[in-house]
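Reading the structure
Here is how the chains run, residue by residue.
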Amino acid sequence: MSDNDGQIDQILVTLSEAITDGSSTLNNTTFTVAGYTVSNTTTGASANDNKVLITLTESGSADTDATPNVVLVAAKISDGSSALASDQTFTGTTDTAPPAIIAANTLDDDCGT
Ligand SMILES: [Ca+2]
Ligand SMILES: [Ca+2]
Ligand SMILES: [Ca+2]
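Residues numbered from 1 in each chain as written. Chains lettered and ligands numbered in written order. Predicted model: local features only at pLDDT ≥ 70, side-chain atom pairs only at ≥ 80, totals over all residues.

Turning our eyes to something else, we now look at the overall build of the protein. Of the regular secondary structure elements, the protein holds zero helices and six strands. Start at the N end of the protein and walk to the C end: the helices and strands fall as β-β-β-β-β-β. Its C-alpha atoms give the protein a radius of gyration of 18 Å, clearly above 13 Å, the size a compact globule of 113 residues would have. Classification of the 113 residues of the protein by burial places 14% in the buried group. If you take every contact in the protein between residues at least 6 apart in sequence, the share linking residues at least 24 apart comes to 59%. (Helix = DSSP H or I, 4+ residues; strand = E, 2+ residues; numbered from the N terminus. Rg over C-alpha atoms; globule rule 2.2 N^0.38 Å. Buried ≥ 20, exposed ≤ 12 C-beta atoms within 10 Å, placed from the backbone. Contact = placed C-beta atoms within 7 Å.)

Glancing now at the sheet that holds strand β4 (residues 51-57). With antiparallel pairing, the three strands of this open sheet are ordered in space as β1-β4-β3. Edge positions in the open sheet fall to β1 (10-14) and β3 (37-42), since each of these has one partner strand only. Taking each pair of neighbouring strands and ignoring which way they run, the sheet shows an average axis angle of 25°. With five bridges connecting them, β1 and β4 associate as antiparallel partners. In the sheet register, Val13 faces β4, and the bridge partner there is Val52. (Pairing = 2+ DSSP bridges. Axes fitted to C-alpha atoms, helices over the stretch in contact; angles between N-to-C directions.)

Turning next to the environment of Gly35. Topologically, Gly35 is positioned in the loop between β2 (31-33) and β3. Of the residues examined, Gly35 has 11 C-beta atoms within 10 Å and is grouped as exposed. In this structure, the C-alpha to C-alpha distance between Gly35 and Thr89, residues 54 residues apart in sequence, is 14 Å.

For the rest of this paragraph, the subject is the environment of Ala18. With respect to the element layout, Ala18 can be found in the loop between β1 and β2. A C-alpha to C-alpha distance of 34 Å links Ala18 and Gly60, two positions 42 residues apart in sequence. Contact partners of Ala18, with chain neighbours within four places excluded, come to Asn48, Asp49, Asn50 and Asp79.

Next up on the list: the sheet that holds strand β5 (residues 70-72). Ordered by their spatial adjacency, three strands build an open sheet running β2-β5-β6, and the pairing between neighbours is antiparallel. Across the chains shown, the open sheet's two edge strands, defined by having one partner strand only, are β2 and β6 (88-90). Each strand of the sheet is rotated relative to its neighbour by a mean of 20°, with strand direction disregarded. Where β2 meets β5, three bridges bridge the pair, whose relative direction is antiparallel. Each bridged residue has a counterpart across the sheet, and for Phe31 the counterpart in β5 is Leu72.

Structural data, given as C-alpha cells:
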C-alpha cells in the first residue's frame, strides 16, 4: 500500500502491449529495481492489460525523488504467445511520488519584527 511516508513503495509499469497474466510470472522475480528490494509484482488495477504494479520494500529513508532503473527479467511476462528472450533494463522511470512531510520543527525566530 502507498502510505505517503516519504518512501516509495510501488512502481507502476506500463508495457508495450496487453499481457496475459495467466501466461506470465507475476511475483518478486518478475522485475529487479536498482537499489531496492522487490517484494512482489501484481497485475495492478486490471487483469490482462498492459500495466503491472511492482511492490518495493521501503528504502528506510526519504526517496520520493527517486527514479530507479527497472529491469524486466527475461521470460517472465508474456502476451500469450511470446515473452522477452533477454532482460530489458528501463531507464526512463518517472517521479510521480509527491513530496511528503518527514520532519517539522517549531521555531521562535522572528527577532521581534
Ligand atoms: Ca511509503
Ligand atoms: Ca494488469
Ligand atoms: Ca517526487
